[in-house]
Amino acid sequence: MLVKSRPPVSGRLLGTGRRSVDNFLDTMRIVRGRFAARPARYPNIVWSVWGVGWVLLTAAAFVRLDTPAGMLRDQWSPGFVRLADFFTQFGLGGWYLIPPALLLVAANLIDWRSLSRRSLMLAYNWTCLAFLVLSAVGLSGLTVNVLKYAIGRARPLYFQDFGVLALHPFAFDARFAGFPSGHATTMGAVFGVLLLLFPRRWYIALAVTACIASTRVFVGAHYPSDTVAGFGLGCAFALACGVVFARLGFIFRPMQSGLPVRKASFRLIAPER
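Residues numbered from 1 in each chain as written. Predicted model: local features only at pLDDT ≥ 70, side-chain atom pairs only at ≥ 80, totals over all residues. Heavy atoms only, no water.

## Looking at the overall build of the protein
Along its length, the protein carries ten helices and two strands. Counting from the amino terminus, helix and strand elements in the protein follow one another as α-α-α-α-α-α-α-α-α-α-β-β. When its C-alpha atoms are laid out on the principal axes, the protein stretches across 85 × 50 × 40 Å. Every one of the 273 residues in the protein was classed for burial, and the buried ones make up 36%. Residue pairs at least 24 apart in sequence account for 76% of intrachain contacts in the protein once pairs closer than 6 positions are excluded. Accessible surface, the protein as shown: approximately 16,000 Å² in total, 70% of it carbon and sulfur. (Helix = DSSP H or I, 4+ residues; strand = E, 2+ residues; numbered from the N terminus. Buried < 20%, exposed > 50% of the residue type's maximum accessible area, 1.4 Å probe, protein only. Contact = heavy atoms within 4.5 Å. Areas by Shrake-Rupley, 256 points an atom, 1.4 Å probe, with all protein chains shown as cover.)

## Observations regarding the nonpolar core
L132, M187, V193, L197, I251 and F252 are the most contacted members of the largest nonpolar core, which totals 31 residues. Counting residues per element, the ones that place at least two in this core are α6 (117-151), α8 (182-197), α9 (202-218) and α10 (224-248). Apart from residues no more than four positions distant in its own chain, L197 is found in contact with L129, I251, F252, R262 and F266. (Core = buried A, V, L, I, M, F, W, Y, C linked by side-chain atoms within 4.5 Å.)

## Quick notes on the packing of α8 against α9
Where α8 meets α9, the closest approach of the two axes is 9 Å, and the angle between their N-to-C directions is 175 degrees. On the basis of the axis angle, α8 is roughly antiparallel to α9. On α9, the residues touching H183, A184, M187, V190, F191, L194 and L195 of α8 are W202, A205, L206, T209, I212, A213 and R216. Here the residues of the contact of α8 with α9 are counted per class, giving eleven nonpolar, two polar and one charged. (Axes fitted to C-alpha atoms, helices over the stretch in contact; angles between N-to-C directions. Parallel < 35°, antiparallel > 145°, perpendicular 65-115°, else oblique. Nonpolar A, V, L, I, M, F, W, Y, C, P; charged D, E, K, R; others polar.)

## Quick notes on the packing of aromatic side chains
Counted by the stated rule, this structure contains 17 aromatic pairs. For the ring pair F131 and F245, a centre distance of 5.4 Å and an interplane angle of 45 degrees mean the geometry is tilted. Linking F131 in helix α6 with F245 in helix α10, this pair joins segments that are 114 residues apart in sequence. Judged by relative accessible area, F131 falls into the partly exposed class, the value being 40%. With 5.9 Å between their ring centres and 25 degrees between their planes, Y158 and F176 make a pair best called stacked. Taken together, the positions of Y158 in the loop between α6 and α7 (159-162) and F176 in the loop between α7 and α8 put the pair 18 residues apart, joining distant regions of the chain. Y158 gets classed as buried once you look at its relative accessible area, which sits at 15%. Note on F176: relative accessible area 9%, which makes it buried. Within the aromatic cluster, the residues linked to one another by ring pairs are F86, F87, F90 and W95. (Phe/Tyr/Trp six-rings, centres within 6.5 Å; stacked < 30°, edge-to-face > 60°.)

## Things to note about unusual backbone geometry
Residue F179 is joined to P180 through a cis peptide bond whose omega torsion reads -10 degrees. Among the secondary structure elements, P180 is positioned in the loop between α7 and α8. Positive phi values are uncommon outside glycine, yet F172 reaches one of about 50 degrees. Following the sequence through the fold, F172 ends up in the loop between α7 and α8. Phi at I251 takes a positive value of approximately 70 degrees, unusual for a residue other than glycine. Note that I251 resides in the loop between α10 and β1 (252-254). Using a relative accessible area of 3% as the deciding quantity, one classes I251 as buried.

## Description of the pattern of salt bridges
Inspection of every chain in the model, using the stated rule, returns four salt bridges. Ionic pairing is found between R153 and D226, a salt bridge with its closest N-O pair at 2.7 Å. Of this pair, R153 sits in the loop between α6 and α7 while D226 sits in helix α10, placing them 73 residues apart in sequence. For D226, a relative accessible area of 0% gives the class buried. (Salt bridge = Lys/Arg side-chain N within 4 Å of Asp/Glu carboxyl O.)

## Structural notes on the packing of α9 against α10
Between α9 and α10, whose axes approach to 8 Å, the crossing angle comes to 140 degrees. One element, α9, and the other, α10, form an angle in the oblique class. Along this stretch, α9 crosses α10, giving a crossing that reads as right-handed. Between α9, through L206, T209, A210, A213, R216 and V217, and α10, the contact on the second element is made entirely by P224, T227 and F231. Split by residue class, the contact of α9 with α10 holds six nonpolar, two polar and one charged. (Left-handed = near helix turned anticlockwise from the far one by under 90°.)

Remember, this is a structural readout, not a statement about activity or role.
Right under this line is the structure:
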């Protein structure tokens, strides 16, 4: 009886590497083809309205809330601060960057041609979601880190010394990296993704993500205007990613206004047969 031998480890690794490269090239061909075939309709979205609203809300928080928050920084009860410190950890970007990145790596290594249609659609949808989350959180995170060190606003820890508007541009010091809040930007991006996927449950997503973003104020890491600015920035990046994804036909389709709406075929759980 003949026993079929397995290829050597080096051969399997080489095959996996080739498949990974082929998967990446196939994805790039699809993206380029769809960009070429589908004209951009981004101007139909009034981004200026979003920008004006974002600036006005940030300015209102700065004028009305930042000074009281600075004065109250050391007056919150220890138990409340510990609770806020626990929930503020959920604003760390790693929670939303590492799982999608690992999923994309795994998706790039599998043999898509061997999957059944049912499994293929499920893997495709999960891969698109991972790419959306990674894009929204990752791009907004990179932007906010550039902004906060370029602006150099002092954190509330130095309220008594500098007040609410002490700027040290390009100091590259965490003490002067208050505006905008990175945690709040992450939460804004998460809210934006949830808003796109579950628009009818927007109030639940807003309540949860805004509460987590607000903990940055209670732990003394940021002023309210820092969190408002970061939250709006992250949400804007998520919506912009949704618009691009709608143009590509990933997860969303564009409405007449150019805004993305979730496609009926997007499912993360395989339907029962």
